[in-house]
Amino acid sequence: MEQLNNRYFKLLIGLGVVLAILLGRLFYVQIINESYKTDADNNSMSREMIYPPRGIIYDRNGKLLVGNRICYDIMVTPRAVTELDTAALAHVLDTTVDFVRDKMKYYRTYRSRIGWQTLVFLKQIEPETYMRFAEEQFRFPGFKGQERTLREYPFNAGGNLLGYTSEVSAEYLAEHPEYRAGDYYGRTGLEAAREQELRGKKGWRIFQRDSRGRTKDSYKDGEYDVEAEPGHDIVTTIDAYLQQYGQALMAGKKGSLVALEPSTGEILSMVSSPGIDVDVLADFGKHYGRLRKDKNMPLYNRAVSASYPPGSVFKLINGLIGLEDEVLQPWMQYPCNGGYVYTSSGRKLGCHAHRSPLNLNDAIMTSCNGYFCYVFKSILENPKFENTEEAYTHWREMVMSFGFGQKLGSDFPSELSGNIPSADYYNRYYHKGRWRFPTIVSLSIGQGEILATPLQIANFAAIMANRGYYYIPHVVKASEGVEIDPKYYQKQYTLVDTLQFAKVIPGMWKAVNALGEGGTANVAHVPGLDICGKTGTAQNPHGKDNSVFICFAPRDNPRIAVAAYIENAGFGATWAGPIAALLVEKYLNGEIGDDHRDLERRVLTTRLIP
Amino acid sequence: MIQDGELDRGLRKTLDWRLIAVYVLIVLFGWINIYAAVRSGEPVSILDLSLNSGKQALWILGAFVIAVVLVFAINPYVWESVSRPAYGVVLALLILVIFLSSNVKGSHSWFELGPVKFQPAELSKITTSLLLASFMGRPGFKIGVARDVLMALAIVLVPMAIIVAESETGSALVYVGFLLVLYREGLSGWYLALMGLAVLLFVVTLKTHWWVSLLLAVACVAGYLVYYLRRVTTLRNRRKVIRNALVAFAGSTLLILATDFFFNSVLKDYQRQRIEVLLGIKEDIRGVGYNVHQSLIAIGSGGLFGKGYLQGTQTTFGFVPEQSTDFIFCTVGEEWGFVGCVFVLALYGLLIFWLVQDAERSRTAFTRIYGYCVAACFFMHLVINLGMTLGLMPVIGIPLPLFSYGGSSLWAFTVLLFIFIALDRQEKKYF
């Protein structure tokens, strides 16, 4: 066997050979080969970035929601500025002499650091101004125009949904090295959620310049040019007209209005009020400070980012769970004498005046509090379970299968999960074994610790419409180059058998359509549309009650499900009901019937926000 | 009686200052080049924390602290004894990261802890080196014994396989360097030769035709037979030579037949495309070949003396992607020219040379083998990274050690190197 010491030298020789190969390659690339030498000097070359047009956003019917318009940035290569008529430049660019002077002074101060770089001199000038500049460009060596595209909004719909774009910030750049200073990106809403598709890919052209700095022609016939790739267009599920109408209905009210297509989970309209108008989006930087300070928080999308007690609409779920657990039958009657007494000392959960006793569907129609206290009591005291905690955990699992208490998984990144408290929560709060039905009686009617987002409530309306399942609500449709998560195509079933739903739908129908029988939602009645609905009035610790309404229509093969949630607007039938009904009527009939004109006028003109 | 002072010789004599000087030079030169690579548009400070250069400054300070701790605060004898548990823990992390990681450019190898990201694959180089040194350095280890050599190979191949599963082929390729360590410790050179032949046959098959490869294989095997049959006289050894030749030939044939399958079905699309571009089978300077093409333009435009620091023009518009990390050498080529590149190559050459020299001089097998492992890691990273940047190898994204932007890589290499420096110092102290 050879000496191992020998191998030390062999390995060193190997190292030497490899280093020699690398050196040889370097020598070839850097010294011998000319074809790799493009430009040692920026003087002889100029590169022009081509910014791709951002993808366009359409509504579900192909109507343009967000488009692009062209403007120009004026760029300068300070080293290439040989002579400068400051006054003439300021005049041509519609700016002040001082602005030009300050800029040039800055460039002189940082002369060495800037080197041959090209910087942005003036941002976003109008095409007319640019044309004037282009004609006289030869007088300003070192300056040139750079085409950019900006967002344009031809239609005032969905300001909060669409979001806005802005120039990249230093922090964003640090996290996203694929961007360069001066690029634009989506900050909020759809623009942010679909940034990858909308963005497109930058390209560039390389030009040669002659000795006087004038652009001569394309370098090597454009061999090294790269075309910009436009961003992909996004098709949303929004109906632009419905969205616009919804915004008009919600004007001056605080809350949300969400409409879904039950058969697909597509969001037809989503209004958060007060919101942002699209003309604000177009020039967002100017309005940002004011909008942030506004105490009504217009920047915030309440439909997914606010959670409220759902109120009486929640009675439907308790009814369904009671039916599924076989502790309730549709024919069962319970008395209600202005409420339900739940402690021996006579504490009472109040109810309004209606006839008594009632069966299930009449209780839904009249939204009887007492009835649903009995229902919830029998759910929690079901002998099938050992104790309240077990029964409660079972109930909670059923409720969560309706999409409550967890994020639905919609394509809104800011979506909240709402809250369905766990048994552990009550164990901690009241101690284990120390809480029973009377302790949490308010859950019977959707009050107490329960919280839900308007989107979750709308999704619940869609579940009622579908009789037992939903598709996860979403706002982007799949189109060329744009994929959506396959989960949006999957039916999500609740834990309640689909057969039970048929037993409570008549109550929802009667609430709207049984005129003169004490239904709570007669105001939403539209002849011929067969709207099924449920009102709700949720206590609000900050003033007047919140007004809630869910509905779907028509009763068979529903095409739309709506939830309206209006803060501090009182009883559900006062504002939420009419707003939701008008939206449904507009969507299904295309116009508002004569007998609803007064109602429409009242809704459109009322301002509830002080 | 021997005085303490005689035993414990001063720092000046025991610490290998050459290695430390080279280390500091590489790190600092890397830092100023990162600044040149990331700076764009408006002038900003090199310490601006929103830029990679500012962050790297913090990483470098941290690395220096780590180096000091490794040399002064930790008894180097610890390393041999922790090699087993450390290897096990890192192996667990390597597997865990596949399930827990977020997807970074298609690979599942990064742990994200808030703002900090790190790759267990970086740690694994250290622990593999330690365990390999501990296993091969123990008395009684014989490279000729099948069980021993297979065990040594397993120590290397297990983490390598997991890293391949993390889609970090580049990092996995580095482990091939450990074969050089095995070679130094007595593994037959024919294994290296066979590996070289395999790569050659693969390339030739793709570039020309399978029958050209086959002819090549026949020629190699025939050359081997002719050369050795003349020298070997005993019947037993002649049989052995013939057997070796047959095995080599059968292997080559199999490899040539499997090339198409491997290339089209095993490799991922992007890997296949990168190899095609490298071999000139496809011309694609806008797509896959774009990085390398831009990288060569940047380096080529540097010429002999370069354009001067911060005067590079290819950087301004970001023509070269990943310029502060994997393609950092472009900046050196463009701004410092051939002279600067030779300087950087010389630094790495000296680093590896002195590492190997110290390792050779060492009296304990553990330190010697560990030193070779460290040298091999640096060597493989250098060759793969520069090979890619210079268009000699397919695009494999691994950093230039100590030079590229990235905290986890910088720290890992610092630990790797300074464990050796501490081991080396310990020996010089007492011998």
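Residues numbered from 1 in each chain as written. Chains lettered and ligands numbered in written order. Predicted model: local features only at pLDDT ≥ 70, side-chain atom pairs only at ≥ 80, totals over all residues. Heavy atoms only, no water.

Each helix and strand in chain A was counted, giving 22 helices and 20 strands. Scored against the burial criterion, the 610 residues of chain A give a buried share of 54%. Counted over contacts in chain A with a minimum sequence separation of 6, partners at least 24 positions apart contribute 69%. Surface summary for chain A: the accessible area is close to 26700 Å², and the carbon and sulfur share equals 50%. (Helix = DSSP H or I, 4+ residues; strand = E, 2+ residues; numbered from the N terminus. Buried < 20%, exposed > 50% of the residue type's maximum accessible area, 1.4 Å probe, protein only. Contact = heavy atoms within 4.5 Å. Areas by Shrake-Rupley, 256 points an atom, 1.4 Å probe, with all protein chains shown as cover.)

This paragraph deals with the overall build of chain B. Scanning chain B for helices and strands turns up 17 helices and two strands. Classification of the 431 residues of chain B by burial places 54% in the buried group. Contacts in chain B between residues at least 24 apart in sequence constitute 70% of all its contacts with a sequence separation of at least 6. Total accessible area computed for chain B in this model is approximately 19100 Å², and 69% of it derives from carbon and sulfur atoms.

Residues and elements named next belong to chain B. Looking at chain B, pLDDT values average 84 and 89% of them are 70 or higher. Within chain B, no element has a lower average pLDDT than helix 1 (residues 4-7), which sits at 45, and none a higher one than helix 16 (residues 365-389), at 94. Overall, residues 1-7 carries pLDDT values under 50, and its contacts beyond four positions in sequence, including any with other chains, amount to three contacts. (pLDDT = per-residue confidence, 0-100.)

Before going further, it helps to spend a moment on a nonpolar patch on the surface. A grouping of A:Ile13, A:Val17, A:Ile21 and B:Leu392 is seen on the molecular surface, where their side chains present a nonpolar patch of about 360 Å² in accessible area. By the secondary structure assignment, A:Ile13 is in helix 1 (residues 4-32). Overall, A:Ile13 belongs to the exposed group, its relative accessible area being 57%. (Patch = residues over 30% accessible without salt bridge, like charges linked within 9 Å, V, L, I, M, F, W, Y side chains within 5 Å. Salt bridge = Lys/Arg side-chain N within 4 Å of Asp/Glu carboxyl O.)

Moving on, we come to the confidence of the model for chain A. It should be kept in mind that the predicted coordinates are not to be read in detail where pLDDT is low. The share of residues in chain A with pLDDT of 70 or more is 93%, and the mean pLDDT across the chain is 85. Long-range and interchain partners of residues 38-43 of chain A, a stretch whose pLDDT sits below 50, account for 18 contacts in this model, where long-range means more than four residues apart.

So, about the side chain of A:Thr236. Residues and elements named next belong to chain A. Within the secondary structure layout, threonine 236 lies in strand 10 (residues 234-236). The class for threonine 236 is buried, based on a relative accessible area of 0%. Polar side-chain contacts of threonine 236 include one of 2.8 Å to the backbone oxygen of tyrosine 58. Within the local environment of threonine 236, its side chain forms a polar contact with the backbone nitrogen of isoleucine 238, the two atoms lying 3.4 Å apart. Every residue in contact with threonine 236, bar those within four places of it in the chain, is listed here: Ile57, Tyr58, Asp59, Arg60, Leu65, Leu190, Val475, Val476 and Lys477. (Polar contact = N/O pair within 3.5 Å; in protein donor to acceptor, adjacent residues only side chain to side chain.)

Take the state of the cysteines next. Counted according to the given criterion, the structure contains zero disulfides over all chains. Not engaged in a disulfide, the cysteine A:Cys551 finds its nearest cysteine sulfur in A:Cys532; these two sulfurs lie 8.9 Å apart. (Disulfide = S-S within 2.5 Å.)

Right, let's get into the pattern of salt bridges. Residues and elements named next belong to chain A. For the structure shown, the criterion picks out 28 salt bridges over all chains. Where arginine 302 meets glutamate 567, a salt bridge forms, and the shortest distance between an N and an O atom there is 3.6 Å. On the criterion of sequence distance, the pair formed by arginine 302 in helix 13 (residues 302-305) and glutamate 567 in the loop between strand 20 (560-566) and helix 21 (576-589) is long-range, its members being 265 residues apart. Comparing arginine 302 with glutamate 567 shows no difference in burial state: the two are buried. Its salt-bridge partner being aspartate 556, residue arginine 467 comes within 4.0 Å of it at the nearest N-O pair. With arginine 467 in the loop between helix 19 (454-466) and strand 15 (469-470) and aspartate 556 in the loop between strand 19 (546-553) and strand 20, the pair connects residues that are 89 residues apart, well separated along the chain. Residue classification places arginine 467 among the partly exposed positions, given a relative accessible area of 21%.

Residues and elements named next belong to chain A. Here we have five strands laid out as an open sheet, ordered 12-11-20-19-18, and antiparallel in their pairing. Here the strands that pair on one side only, and so sit at the sheet edges, are strand 12 (266-273) and strand 18 (532-538). The average angle at which neighbouring strand axes cross in this sheet is 5°, direction not considered. The strands that helix 20 (residues 498-513) touches are strand 18 and strand 19; relative to strand 18, the one it contacts most, it runs at about 80°. (Pairing = 2+ DSSP bridges. Axes fitted to C-alpha atoms, helices over the stretch in contact; angles between N-to-C directions.)

Okay, the packing of helix 10 (residues 189-207) of chain B against helix 11 (residues 210-231) of chain B next. The description of two packed helices rests on the angle between their axes and on the distance between the axes. Residue and element names in this part refer to chain B. Two numbers describe how helix 10 lies on helix 11: the axes approach to 8 Å, and their chain directions differ by 155°. As summarised for this structure, helix 10 and helix 11 are arranged roughly antiparallel, according to the angle between their axes. Judged by the sense of rotation from one axis to the other, the crossing of helix 10 with helix 11 is right-handed. On helix 11, the residues touching Trp190, Leu197, Leu200, Leu201, Val204 and Thr205 of helix 10 are Trp210, Val212, Ser213, Leu216, Ala217, Cys220, Tyr224 and Tyr228. (Parallel < 35°, antiparallel > 145°, perpendicular 65-115°, else oblique. Left-handed = near helix turned anticlockwise from the far one by under 90°.)

All names here are of chain A. Of all the positions in helix 5 (residues 127-135), only Thr129, Tyr130 and Phe133 are classed as buried. The arc enclosing the buried residues of helix 5, seen along the axis, measures out at 100°, which places them on a common side. In helix 5, the exposed positions angled more than 90 degrees off the buried face are occupied by Glu128 and Glu135. Among the structural elements, strand 3 (64-76), helix 2 (86-92), strand 4 (119-125) and strand 5 (143-152) are those in contact with the buried residues of helix 5. (Arc of directions from axis to C-beta.)

Turning next to the packing of helix 3 (residues 17-38) of chain B against helix 15 (residues 328-361) of chain B. Residues and elements named next belong to chain B. Their axes nearest at 10 Å, the elements helix 3 and helix 15 cross at an angle of 155°. When the axes of helix 3 and helix 15 are compared, the pair comes out roughly antiparallel. In the packing of helix 3 onto helix 15, the handedness of the crossing is left-handed. Class assignment of the residues belonging to the contact of helix 3 with helix 15 gives a composition of 19 nonpolar, three polar and four charged. (Nonpolar A, V, L, I, M, F, W, Y, C, P; charged D, E, K, R; others polar.)

A few words on the packing of aromatic side chains. Residues and elements named next belong to chain A. Summed over all chains, the structure comprises 50 aromatic pairs over all chains. The interplanar angle of 45° and the centroid separation of 5.0 Å between the aromatic rings of tyrosine 8 and phenylalanine 9 together place this pair among those described as tilted. Under the relative-accessibility criterion, phenylalanine 9 is labelled partly exposed at 47%. A ring pair is formed by tyrosine 72 and tyrosine 130, whose centres lie 3.8 Å apart and whose planes are at 5°; its orientation type is stacked. (Phe/Tyr/Trp six-rings, centres within 6.5 Å; stacked < 30°, edge-to-face > 60°.)

Turning our eyes to something else, we now look at a positive patch on the surface. Together, A:Arg79, A:Lys105, A:Arg108 and A:Arg111 make up a region of like positive charge exposed at the surface. Take A:Arg111: it is sitting in helix 4 (residues 111-114). (Lys, Arg positive; Asp, Glu negative; His and termini not counted. Charge placed at Lys NZ, Arg CZ, Asp CG, Glu CD.)

Residue and element names in this part refer to chain A. For histidine 525, the location among the structural elements is in the loop between helix 20 and strand 18. With relative accessibility at 23%, the residue histidine 525 sits in the partly exposed group. Histidine 525 sits 56 residues away from alanine 581 along the chain, and the two C-alpha atoms are 7.5 Å apart. If we skip the residues at most four places from it in the chain, histidine 525 touches Val512, Asn513, Leu515 and His596.

Residue and element names in this part refer to chain A. Along the chain, serine 273 connects to proline 274 via a cis peptide bond; the corresponding omega equals -5°. Within the secondary structure layout, proline 274 lies in the loop between strand 12 and helix 11 (278-282). With omega at -15°, the peptide bond leading from alanine 553 into proline 554 counts as cis. Considering the arrangement of structural elements, one finds proline 554 in the loop between strand 19 and strand 20. Of note, the phi angle at asparagine 557 is positive, near 50°, even though the residue is not glycine. On the secondary structure map, asparagine 557 appears in the loop between strand 19 and strand 20.

What follows is about the side chain of B:Ser409. Residue and element names in this part refer to chain B. By the element assignment, serine 409 lies in helix 17 (residues 407-430). The exposure class assigned to serine 409 is buried, which follows from its relative accessible area of 8%. Apart from residues no more than four positions distant in its own chain, serine 409 is found in contact with Glu122 and Pro399.

Residues and elements named next belong to chain B. One can find glutamate 185 in the loop between helix 9 (178-184) and helix 10. On the basis of relative accessibility, which here comes to 12%, the residue glutamate 185 falls in the buried class. Once the C-alpha coordinates of glutamate 185 and glycine 137 are considered, the two residues, 48 residues apart in sequence, prove to be 9.6 Å apart.

Residues and elements named next belong to chain A. Where burial is concerned, most of strand 12 is hidden: eight out of the eight residues are buried. For strand 11 (residues 255-261) and strand 12, the ladder comprises seven bridges, and the chain directions are antiparallel. Of the residues in strand 12, the one forming a bridge with glycine 255 is serine 273. Counting the residues between successive antiparallel strands, the hairpin from strand 11 to strand 12 contains four residues, one of them, glycine 265, with a positive phi of roughly 80°.

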